[in-house]
Amino acid sequence: MKSKIFTTVILAALALTTPLRAAAPTGLNALSDDRLMTELAGRGMESLLVRLFEVNKVSPERQDAIRSYIASRELLDGKTKLTYGQKQELVHKIVNGIKASLESQKDPQMLMQLAAALIENGTDADVNKLEYWGENPRTQAELRPVAEAVVNILDKCAVEASAEADRIANTFGNAPSKSQVDAWQQMDTLHTYANYTKAMSTYYLVLAMDPADPQRKTLVEKAIEQLAENDNHESQIQAAVRNRIGKLNMAIGDYDAARKAFESVYNNPQQQILPEPTVYQQYEARYFAAVCDLLQKNVEAARKSINSVVAWQQANFDKDAKSQDGVRTAASMLEYRLNALQGQLAKTELEKNEANNKAMAVLMTLLKERPELRAIIYEQLMNRLPENADLAQQDTLLLQALVQRGETERTKKEGQPFDKKNVERAIDAAKEIVARKGKPGTSPELLDAAAILIPAFREKLGEHEQAVAGYLDFIGANPNSTNAGPALGNAMALLADLRKQSADDPKVNKLLDRFFPLAIGKPFNRKELAYEYARRLQEDAKVKEAIEYYAMVPKDDSRYLYAQFYTLSSLRQLAEEQGKGKEAERTQLLTQAQALAAQLPALAQAALQKAGSDAEKKTFQQMAVQSTLLAARLSHMLNEPQKTLDLLHGFEDKIQSMPNQDNLMGDALYLRVRSYMALGQNTKATEAHLSLLKAKGGAEGAEITFTLLRNLDDEFEAARKNDDQERMKKLAEARAALSGPLVQWAKNNSDQKIRQYTYRYMVFDATTKTQLAELESGQARTEALNQARQLWQQLLAPEGIEMYRSTLPADQAATANYGEPVVLLNLALINFEQKDWTGAQKGLGKLLEDRKLGTPRIFTTKDGQSLAVDNDQYWEATYKLYYSNFQLGRDDPGLLQETKNGLKRLYIREGKNTGGKRWGEKFDELRKQFIPEFTWE
């Protein structure tokens, strides 16, 4: 990508619009709930806002999102004068709710303003601390959420700016106006600038991360790659880019690369950098080159670099007090860090004390000269005190004292002053004691007490997830400790609270999965928890483990019947998962399930007699029916068709008036139809289906039919997963045997409600015939595809399109000009396979042009998160359209060139994502064959 000139872009990007402001309300009563909550937050009416949250049961995430939105407005409102504390509070609210609120933010200009405000008010101070004083876990912890928020906001800004640019470009027509072009250029520039700023801001995030985190290097490499696009004269920001690249390399310990970047700025050989680096840019490069030497622990080189920096700044900066004070303070920080380094590397105690004393002297002098820095200086001084020294070098008694100081803080009553740092230090000391297991001075009692206090301290700090993990760690390491029982109770109580706050939090679920086995097993034997854990395992598809825990549910447990029922369904599910070569295991599981199924009706009947409410009675009646259905399914899976039919005799009578009667009947019908077919009684299978449809009527019969088809589809998918071609073909034949008569029955029915389903059944019939054809080979496949093709063509005939329209609401029917998209797609794909390039081109081109197949990537939800995944249907259609065009282009040079250009544009737009994972190789084959000279990266 060619770099943009940024000399005026920064101001333009930040001043495109004024910050968003809510319209002035006419009174709180006139506002909707969301607007009312927003208005209360904006007016600072916290107590009323909290009350409204409670009344409306607003989730914590939604509360944070509302507060975040208001905080964003206040921080961006230049008319409001805010103190430093007020700004920090707003930054905290924005960061706390940004995940929930970011999705709704669509204005890229406002997003850029917000990112700039967060950088200025939320990252700069902490970044300066880390850059000039060195890494500090507490500062890093404060910086990280803000830095992550900045990067996420800039990422969203880039996406929205790109989308807006595309929207504007789509309005160009053949002769775009100057205002259109200017608007497009503005958004395109904002998109580029957002990506550039994101790369620059990645440095803040990297600084905030643990040095040992491998993600640091990944982020740095990606940021440098992005910044390198602007390392040229045209960008006008070359010096700033080089300095940032140097810092990024320095952050991951690549000091040679960092020095090379810094030296290029302050030396600028042969004017590699234009415009010339300013005096401040040169100073920054010299200063951090010296920091590289410090971080590399090269005392001699660091001393030389620091002296050079001091001499250079005296010669090149203005002589006024303000300028000199600033650079002198920065030089003092270098001097302090050098002395601290010498103390760290000292070989004798005398040398170490001498260096540390010098370091402290520098700090004390700096404190007198710059009292406004006292907070950070005090922090550095404390770090030089014995209690803050390397705990691994301290006496065990001192460690015990630190733990005791933390315990004093932990047990303070509500309202008393609380020193969080003392508790955090106590955690470190307790960890060090535990690490000394087996060494002199560490008795088992001391180790046990220290270990149990670590999660207790976490709990006091409100770190409940870490506390639970700590309690579970303690139990795992010390199952026979007298503290193991209390640890289990504490973990259980905290988990209950965490589940109330967020029942679907993946981190909490992981803790639960650790908790249950410990609690249920020895020495605790909390078997009353076995049922709940078994259900969790089953829902997570860990069927085999679920069966083991269902077996632990006591017979006197009120959920024992449920445990047996779910054991039955788990055994069936486990049997279905047995693929080729595991027939014996499958049969054994099914036989075991059958034995259990025979016991369930009696258990359900006994529970029914003891039921105290109508709700309970309905539940147990439902369970008895489901047990019968499961038993029939097991017989079907064991290839016992007659037994399946016997079990289902009179099933309709048993399910009368049940709320899910149609679904139950559909499942039963599926088993009956499959059993009749297995017995070679296809006519009976069709008759059973049609007679049921006649009795049930249109909508109800259709629901049963769709349940039947769903079951067939599920079984077909299971066979496909196990590559069981024979079973797949039998299932396809079963579907095909049903679909034809189903069409005729609906088409010729006297009941209009039934006739209206004719089109749906015709689509089903064409689908089944196509599916069956695809399982054939050779001439049989060709003939079967031809038959399927005719069915799809009938659906696209005027009569078919009219039938399709009749299934749609009036407003949709008016625009349904060429039939259902799935019909056109299937016909086009058959045309493609049969090398009817014109037919394939016509159908696929129409679908893609009208955007009936979606976009290259679609969103899906997994584990509560929205994820973008490849749209394989879109990419298949796109690939086959291009392939068809290339085939037709052999006789049409114009079409050939147009297709080549289109493929180039596609690669320019999608890059390495072209085709997605499934179709990417196919697209690459086209590219290599038809445009081999083309590269897009």
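Figured I'd write up the structure that's included with this text. A quick note: this is a predicted structure, and the numbers were derived from the prediction, not measured.

Bringing the overall build of the protein chain into the picture now. A count of helices and strands for the protein chain gives 43 helices and 2 strands. Burial statistics for the protein chain: of 937 residues in total, 46% are counted as buried. Long-range contacts, defined here as pairs at least 24 residues apart, represent 62% of the contacts in the protein chain between residues at least 6 apart. Of the accessible surface of the protein chain, which amounts to about 48,900 Å², a share of 50% is contributed by carbon and sulfur atoms.

Attention now moves to helix α19 (residues 444–460). For α19, spanning 17 residues, the distance from its first C-alpha to its last is 25 Å, which sits close to the expected 24 Å at 1.5 Å a residue. By the largest-angle criterion, Ile454 marks the main kink of α19, which is about 25°, and a proline, Pro455, follows within four residues. Taken together, the buried positions of α19 are occupied by Leu446, Leu447, Asp448, Ala450, Ala451, Ile452, Leu453, Ile454, Pro455, Ala456 and Phe457. Immediately downstream of α19, the backbone of Gly462 shows phi near 80°, a positive value.

The next subject is the packing of helix α39 (residues 821–833) against helix α41 (residues 872–888). A pair of packed helices is captured by two measures, namely the crossing angle of their axes and the spacing between those axes. Running from N to C, α39 and α41 point in directions that differ by 45°, and their axes come no closer than 11 Å. By the criterion of interaxial angle, the relationship of α39 to α41 is oblique. For α39 against α41, the interelement crossing comes out left-handed. Across from Leu825, Leu829 and Phe832 in α39, the residues of α41 making contact are Gln873, Glu876, Lys880, Tyr883 and Ser884. For the contact of α39 with α41, the residue count by class is 4 nonpolar, 2 polar and 2 charged.

Within the structure shown, the criterion is met by 28 aromatic pairs. A centroid spacing of 5.3 Å and a plane angle of 65° characterise the contact between Tyr287 and Phe288, whose relative ring orientation is edge-to-face. Across the pair, exposure class does not vary: Tyr287 and Phe288 are buried alike. Taking 5.2 Å as the distance between ring centres and 20° as the angle between the ring planes, the aromatic pair formed by Phe516 and Tyr533 counts as stacked. Of this pair, Phe516 sits in helix α22 (residues 506–520) while Tyr533 sits in helix α23 (residues 530–539), placing them 17 residues apart in sequence. You can call Phe516 buried: its relative accessible area is 1%. The class for Tyr533 is buried, based on a relative accessible area of 7%. Among the aromatic residues, ring-to-ring pairing joins Tyr132, Phe262, Tyr280, Tyr283, Tyr287, Phe288, Trp312 and Phe317 into one connected group.

Bringing the side chain of Glu409 into the picture now. Relative to the elements of secondary structure, Glu409 occurs in helix α17 (residues 396–410). Polar side-chain contacts of Glu409 include one of 3.1 Å to the side chain of Lys412. Among the polar contacts made by the side chain of Glu409, one reaches the main-chain amide nitrogen of Asp419 at a distance of 2.9 Å. If we skip the residues at most four places from it in the chain, Glu409 touches Pro417, Phe418, Asp419, Asn422, Val423 and Lys460.

Omega for the peptide link from Leu274 to Pro275 comes to -5°, which places this bond in the cis form. Positioned with a positive phi, Ala541 is a non-glycine residue whose angle comes to about 65°.

Turning next to the nonpolar core. One recurring pattern in soluble globular proteins is that nonpolar side chains are buried together. By size, the foremost hydrophobic cluster in this structure holds 55 residues, and its most contacted members are Leu118, Ile153 and Leu227. Elements represented by at least two residues in this core include exactly α4 (60–76), α5 (84–102), α6 (108–133), α7 (137–169), α8 (178–208), α9 (215–228) and α10 (238–251). In this structure, Ile153 is in contact with Ile98, Leu102, Leu111, Leu114, Ala115 and Leu118, ignoring residues within four places of it in sequence. The next biggest cluster of nonpolar side chains, apart from the first, holds 54 residues, and it includes Leu742, Ile754, Ala788 and Phe930.

Secondary-structure assignment places Glu820 in the loop between α38 (810–813) and α39. Separated by 3.0 Å, the side chains of Glu820 and Arg760 make a polar contact. Here Glu820 is in contact with Tyr759, Arg760, Val763 and Tyr804, once residues within four sequence places are set aside.

What follows deals with the environment of Phe651. Residue position: Phe651 is located in helix α29 (residues 651–654). The sequence separation of Phe651 and Leu669 amounts to 18 residues, and the corresponding C-alpha distance is 10.0 Å. What Phe651 contacts, discounting residues up to four positions off in sequence, is Val625, Thr628, Leu629, Leu664, Ala668 and Arg672.

This part takes up the packing of helix α35 (residues 758–774) against helix α36 (residues 778–796). With their axes 8 Å apart at the nearest point, α35 and α36 run at an angle of 160° to one another. Judged by the inter-axis angle, α35 sits roughly antiparallel to α36. Relative to α36, α35 is oriented so that their crossing is left-handed. For the pair formed by α35 and α36, the contact residues are Tyr759, Met762, Val763, Asp765, Ala766, Thr767, Lys769, Thr770, Ala773 and Glu774 on the first element and Arg781, Ala784, Leu785, Ala788, Leu791, Trp792 and Leu795 on the second.

Relative to the 20 Å expected for 14 residues at 1.5 Å per residue, α9 spans 20 Å between its end C-alpha atoms, a close match to the ideal helical length. Among all positions of α9, only Arg216, Leu219, Val220, Ala223, Ile224 and Leu227 are buried. For α9, the angular spread of the buried residues around the axis is 130°, confining them to a single face. α9 presents Thr218, Lys222 and Glu225 as exposed residues on the side facing more than 90 degrees away from its buried surface.

All right, on to the pattern of salt bridges then. Summed over all chains, the structure comprises 40 salt bridges. Where Lys106 meets Glu160, a salt bridge forms, and the shortest distance between an N and an O atom there is 3.8 Å. In this pair, Lys106 sits in the loop between α5 and α6 while Glu160 sits in helix α7, placing the two residues 54 residues apart along the sequence. Judged by relative accessible area, Lys106 falls into the partly exposed class, the value being 48%.

So, how was this worked out
- Residues numbered from 1 in each chain as written.
- Predicted model: local features only at pLDDT ≥ 70, side-chain atom pairs only at ≥ 80, totals over all residues.
- Heavy atoms only, no water.
- Helix = DSSP H or I, 4+ residues; strand = E, 2+ residues; numbered from the N terminus.
- Buried < 20%, exposed > 50% of the residue type's maximum accessible area, 1.4 Å probe, protein only.
- Contact = heavy atoms within 4.5 Å.
- Areas by Shrake-Rupley, 256 points an atom, 1.4 Å probe, with all protein chains shown as cover.
- Expected span 1.5 Å × (residues − 1).
- Bend = angle between axes of the 7 residues up to and from the residue.
- Axes fitted to C-alpha atoms, helices over the stretch in contact; angles between N-to-C directions.
- Parallel < 35°, antiparallel > 145°, perpendicular 65-115°, else oblique.
- Left-handed = near helix turned anticlockwise from the far one by under 90°.
- Nonpolar A, V, L, I, M, F, W, Y, C, P; charged D, E, K, R; others polar.
- Phe/Tyr/Trp six-rings, centres within 6.5 Å; stacked < 30°, edge-to-face > 60°.
- Polar contact = N/O pair within 3.5 Å; in protein donor to acceptor, adjacent residues only side chain to side chain.
- Core = buried A, V, L, I, M, F, W, Y, C linked by side-chain atoms within 4.5 Å.
- Arc of directions from axis to C-beta.
- Salt bridge = Lys/Arg side-chain N within 4 Å of Asp/Glu carboxyl O.

Keep in mind these values describe shape, not function.
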